Amino acid sequence: MIPQTIDDLTLIPEKTGADKYIKISYPFRYGKFSEIKSGNYTFQFNLNGEIKTIQGRGEGWLDASEWLKRSAGNDWTYFAAGGYTGAYDFTGEYYVPCLPYDSNGIFGHNRFESPEVKNAFAAWDALRDQLDQLEISGLSKEAADLIGRIRNMSPQNLARRARTLHEIIGGPVSVLPPDTRHAEYDVIPLTIADGCLYNCGFCRVKSGRKFQQRTKKNILDQIIRLRDLFDKDITNYNSVFLGQHDALFAGKDLIEFAARKAFDLFEFQNAAIREPKLFLFGSVDALFRADDSLFHMLDKLPYETFINIGLESADTATLAQIQKPLSREKVIQAFQQMMALNKTWPRLEISANFLYGANLPDTHMPSILELARNGLDHFYSKGTLYFSPLETIGSIQAVKDTFMEFKTLCRLPVYIYLIQRL
Ligand code: SF4
């Protein structure tokens, strides 16, 4: 579509990005969107007219390959690319998401305090004011419609839409599975079960509720309301996160129901981004309970599936200290089951989380190495281990050094888990 210029603005009502998520070292956009250039900033909008990304350039911006992105939960993330040597080694991506809220991030400083980011948000405020006053009668229908959509998505409306999202699924998503990085964290959340089995002492993201499945009717209601909420922009989604903390324990029947209904009603067969993905968390006991028929069912789904299991440690003293009600033997058995399933099912990846903390027993890290190095005969590309730093991590440089040393020794991909909410 030919760009249209008005005042100092350049409008492109329809742009098309890549139709598949890829790992790439420069800013890349996916799906269909609209764009307005104003001064040194490029603002991109989803198909509902909601602001999606802001990127600066030249003087006054931090790095040409870095950008701000807004989530459906109305949080902004600063995607830092340059300046972090080895970002890929730490995260498995060529960027590091810097979050405006407390997380376990160990990278860099709070970008949201930098004058460059503050100026970018000020430029966004100014653009909204300008669009509100713009005379649009001389514009093409597409450009006028775009301005109308953006005007409609005021900050109050965006906040309200995020509240509606949370209300539909039963509350904010306190943490996304680390594997959702494969879809740049753009997933539609759908709750099929609340709470979790263990309510571990160390955990900061738990709801504290007992595990409880949702009914099929409730899941269907959520899907219909989510479809209406995401509206035109649903075409830019191809991935679902089945929440909350242990969707795997909800069992084969409910997982299949939710995954298939979501695929059909969100019309993923027509999505602007190909290769749909399904993400969920699972507990050790859910993994033990899952039999072959569940994995057969997942294999037949029109998604690639990623299940993230919280193992935390294979050390008795550590499991006791973090108050995780699991034995070392169960963790070892779950790890071996993960490896076996990853070999058997090509469209499934089971990943695992382990904790990192300065105050954990000395026996903790060797217990993981026993599994992920001594227990494996060669390197395996499936079965990613995510390290989740606790609050007491000691010096950041020490974490990075320990992590890199550990990564070199492990015979699985190993990355840091950056806890992100939605
Ligand atoms: S680590 Fe998982 S199982 Fe344990 S409390 Fe947190 S969410 Fe629940």
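Quantities reported herein were computed from a predicted structural model and do not represent experimental measurements.

### Considering the packing of aromatic side chains
All chains considered together, the criterion is met by 27 aromatic pairs. Here the aromatic rings of Trp 67 and Phe 79 are separated by 4.8 Å at their centres, their planes lie at 10°, and the arrangement is stacked. With Trp 67 in strand β6 (residues 67-70) and Phe 79 in strand β7 (residues 76-80), this pair connects stretches of sequence that are twelve residues apart. Like Phe 79, Trp 67 is buried. Taking the centre distance of 5.2 Å and the plane angle of 70° together, the rings of Trp 76 and Phe 121 count as edge-to-face. Here Trp 76, found in strand β7, pairs with Phe 121, found in helix α2 (residues 115-133); they are 45 residues apart in sequence, far enough to count as distant. Note on Phe 121: relative accessible area 21%, which makes it partly exposed. Among the aromatic side chains, those forming a connected cluster through ring pairs are Tyr 41, Phe 43, Phe 45, Trp 61, Tyr 78 and Trp 124. Positioned over the ring face of Phe 249 is Arg 289, at 3.8 Å from the centre of the ring.

### Digging into the domain arrangement of the protein
Here the domain parsing of the protein yields domain 1 (4-153) and domain 2 (157-416). One C-alpha centre belongs to domain 1, the other to domain 2; they are set 28 Å apart. Contacts between domain 1 and domain 2 engage 36 residues on the former and 39 residues on the latter. Taking both partners together, domain 1 and domain 2 bury about 3300 Å²; carbon and sulfur atoms supply 54% of that area. One can count seven salt bridges joining domain 1 with domain 2. Taking the shortest distance from any N to any O, the salt bridge between Glu 50 and Arg 161 comes out at 3.1 Å. Along the contact surface separating domain 1 from domain 2 lie 18 residue pairs in polar contact (both at pLDDT 80 or more). Listed by contribution, the elements that provide at least two residues to the side of domain 1 that touches domain 2 are β5 (51-56), β6 and α1 (87-91). With four residues, α1 is the largest single contributor of residues to the side of domain 1 that touches domain 2. Its residues placed into classes, the side of domain 1 that touches domain 2 shows 16 nonpolar, ten polar and ten charged.

### A look at unusual backbone geometry
Looking along the chain, the bond that leaves Gly 243 and enters Gln 244 is cis, with omega of 0°. With respect to the secondary-structure elements, Gln 244 resides in the loop between β12 (239-243) and α6 (252-265). Positive phi, normally seen in glycine, also occurs at Asp 7, with a value near 50°. Its location among the elements puts Asp 7 in the loop between β1 (4-6) and β2 (9-16). You can call Asp 7 exposed: its relative accessible area is 59%. One non-glycine residue with positive phi stands out, namely Glu 184, at about 50°. In this structure, Glu 184 sits in the loop between α4 (155-169) and β9 (188-191). When its relative accessible area of 9% is taken as the criterion, Glu 184 is described as buried.

### Examining the sheet that holds β7
With antiparallel pairing, eight strands are arranged side by side in an open sheet as β1-β2-β3-β4-β5-β6-β7-β8. Of all the strands in the sheet, just β1 and β8 (96-98) have a single pairing partner and so form its edges. Mean inter-strand twist for the sheet, computed between neighbouring axes without regard to direction, equals 25°. Sitting on the sheet, α2 touches β2, β3 (32-38), β4 (41-45), β5, β6 and β7, and the angle it makes with β4 is about 65°.

### What about helix α12 (residues 396-409)?
Relative to the 20 Å expected for 14 residues at 1.5 Å per residue, α12 spans 20 Å between its end C-alpha atoms, a close match to the ideal helical length. Of the surrounding secondary structure, the elements contacted by the buried residues of α12 are α1, β15 (348-356), α11 (364-374), β16 (385-389) and β17 (414-416).

### Description of the pattern of salt bridges
Summed over the entire model, instances satisfying the criterion amount to 24 salt bridges. Where Lys 118 meets Glu 113, a salt bridge forms, and the shortest distance between an N and an O atom there is 3.7 Å. The salt bridge partner of Glu 312 is Lys 324, with a shortest N-O separation of 3.2 Å. Within this pair, whereas Glu 312 is found in strand β14 (residues 304-312), its partner Lys 324 is found in the loop between α9 (316-321) and α10 (328-344), the two being separated by twelve residues in sequence. Among the charged side chains, a salt-bridge network with shared partners connects Lys 52, Lys 69, Glu 184 and Asp 186.

### Side note on the environment of Tyr 380
Within the secondary structure layout, Tyr 380 lies in the loop between α11 and β16. Between the C-alpha atoms of Tyr 380 and Glu 142, which are 238 residues apart in sequence, the distance is 50 Å. What Tyr 380 contacts, discounting residues up to four positions off in sequence, is Met 339, Lys 343, Arg 411, Leu 412 and Pro 413. For Tyr 380, the side chain forms a polar contact with the side chain of His 378, separated by 3.3 Å.

About the cut-offs
Residues numbered from 1 in each chain as written. Predicted model: local features only at pLDDT ≥ 70, side-chain atom pairs only at ≥ 80, totals over all residues. Heavy atoms only, no water. Phe/Tyr/Trp six-rings, centres within 6.5 Å; stacked < 30°, edge-to-face > 60°. Helix = DSSP H or I, 4+ residues; strand = E, 2+ residues; numbered from the N terminus. Buried < 20%, exposed > 50% of the residue type's maximum accessible area, 1.4 Å probe, protein only. Lys NZ or Arg CZ within 6 Å of the ring centre and 35° of its normal. Domains from an automatic or database assignment. Contact = heavy atoms within 4.5 Å. Buried area = accessible area lost by both parts, 1.4 Å probe. Salt bridge = Lys/Arg side-chain N within 4 Å of Asp/Glu carboxyl O. Polar contact = N/O pair within 3.5 Å; in protein donor to acceptor, adjacent residues only side chain to side chain. Nonpolar A, V, L, I, M, F, W, Y, C, P; charged D, E, K, R; others polar. Pairing = 2+ DSSP bridges. Axes fitted to C-alpha atoms, helices over the stretch in contact; angles between N-to-C directions. Expected span 1.5 Å × (residues − 1).

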